[in-house]
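Tertiary structure, described
Residue-level listing of the chains:
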Amino acid sequence: PFIKVNCAALPGELLESELFGHERGAFTGATAEKPGKFELADQGTIFLDEIGEMAIRLQAKLLQVLQDEEFFRVGGKKSVRVDSRVVVATNRDLEKEIALGNFREDLYYRLNVVAIRLPPLRERREDVVPLTDHFLKKYGKGFMTNVSELPSEVLHAFSDYEWPGNVRELENMVRRLCVLKDPTLVLDEIRAGGRAPASAPSLPTSFGGG
């Protein structure tokens with residue numbers, strides 16, 4: 001199994017239950033026992049996205065899980081053993097967060113077995129066109145199917161743009177292009193530094209950002 005958890009999406013109390021599960025009656029609303037994501041990832045992989053957002057108290061419990069390969073559900077009295085690969089991601093500088101007291105140094109070194117730095121999109125501009133092509137195929141049904149159908153002006157603008165919002169910004173830009181079917185609006189947005197012009201029409205709610 002491959003289990004993904006966004007650590008920034010839930011407050012600490014709910015995140016603890018999400019990761020480690022809970023027993024019936026552990027808290028108000030816990031009407032049945034629930035296995036946590038670590039249990040579901042046994043013999044597989046658990047991906048903890050935005051690990052830098054995790055509360056210090058939970059970091060201590062995570063460290064214990066990584067060291068002992070076992071934990072207690074919230075409200076539980078019996079330990080649960082798991083064997084899973086742990087992959088984490090963050091957009092924060094964890095060494096700076098350690099200095100600020102926001103991230104445990106021992107957890108950092110426990111996690112930092114193999115580190116992969118993914119440069120921002122502005123540092124790998126050779127990826128802009130292939131990613132644009134991918135998102136066109138994903139969202140461009142009935143509009144366009146590949147980058148060869150895009151006006152060259154749009155491709156040049158995409159290649160020169162700094163992409164402060166990285167790949168998510170590119171994805172939403174292509175999605176907007178497919179919805180509005182007007183390259184000039186996207187070009188105006190790029191010239192405005194990534195902010196949609198006030199005159200741009202509102203998008204259908206079904207195309208909201210994810």
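Residues numbered from 1 in each chain as written. Predicted model: local features only at pLDDT ≥ 70, side-chain atom pairs only at ≥ 80, totals over all residues. Heavy atoms only, no water.

Taken in spatial order, the three strands make up an open sheet running E1-E2-E5, and their pairing is parallel. Of all strands in the sheet, those with a lone pairing partner are strand E1 (2-6) and strand E5 (85-88), marking the two edges. Within the sheet, the average angular offset between the axes of one strand and its neighbour, ignoring direction, is 20°. In this sheet, E5 lies alongside strand E2 (residues 45-49) in parallel orientation, the contact comprising four bridges. (Pairing = 2+ DSSP bridges. Helix = DSSP H or I, 4+ residues; strand = E, 2+ residues; numbered from the N terminus. Axes fitted to C-alpha atoms, helices over the stretch in contact; angles between N-to-C directions.)

Right, let's talk about the nonpolar core for a bit. The biggest cluster of nonpolar side chains holds 25 residues, and the ones touching the most others in it are Leu19, Phe38, Leu48, Ile51, Met54 and Leu62. Going through the elements one at a time, E1, helix H1 (12-20), E2, helix H3 (56-68) and helix H5 (105-111) are the ones with two or more residues in this core. For Phe38, the residues in contact, after removing those within four places along its chain, are Leu19, Phe20, Ile46, Leu62, Val65, Phe71, Val82, Ser84 and Val86. Membership of the second largest hydrophobic core comes to 22 residues, among which are Leu150, Val154, Tyr161 and Met173. (Core = buried A, V, L, I, M, F, W, Y, C linked by side-chain atoms within 4.5 Å. Buried < 20%, exposed > 50% of the residue type's maximum accessible area, 1.4 Å probe, protein only. Contact = heavy atoms within 4.5 Å.)

Another point: the layout of surface pockets. Taken as a whole, the largest pocket encloses approximately 1,700 Å³ of empty space. For the largest pocket, the lining is made up of 42 residues, of which Phe47, Val88, Ala89, Thr90 and Ile116 are closest to its centre. Contributions of two or more residues to the lining of the largest pocket are made by E2, H3, E5, helix H4 (94-99), H5 and helix H8 (166-180). Here the lining of the largest pocket takes four residues from E5, the largest share from any one element. (1 Å grid on protein atoms, 1.4 Å probe; cavity = no way out; pocket = protein on both sides within 12 Å on 5 of 7 lines; lining within 4 Å. Points joined across faces, edges and corners; volume = space filled by probe spheres on them.)

Put simply, the chain has an average pLDDT of 84, and 88% of its residues get 70 or more. Per-element confidence in the chain is highest for E2, whose mean pLDDT is 96, and lowest for strand E3 (residues 70-72), whose mean pLDDT is 80. (pLDDT = per-residue confidence, 0-100.)

This structure, assessed with the given rule, holds 17 salt bridges. Across the pair Lys138 and Glu171 runs a salt bridge, and its minimum N-O distance is 3.5 Å. Highlighted residues: Lys138 in helix H6 (residues 128-139) and Glu171 in helix H8, separated in sequence by 33 residues. Close ionic contact of Arg175 with Glu171 constitutes a salt bridge, the shortest N to O distance being 3.8 Å. Taken together, the positions of Arg175 and Glu171, both in helix H8 and four residues apart, correspond to about one turn of that helix. The exposure class of Arg175 is buried, given its relative accessible area of 10%. Within this structure, Glu16, Arg57 and Lys61 form a network of salt bridges that share partners. (Salt bridge = Lys/Arg side-chain N within 4 Å of Asp/Glu carboxyl O.)

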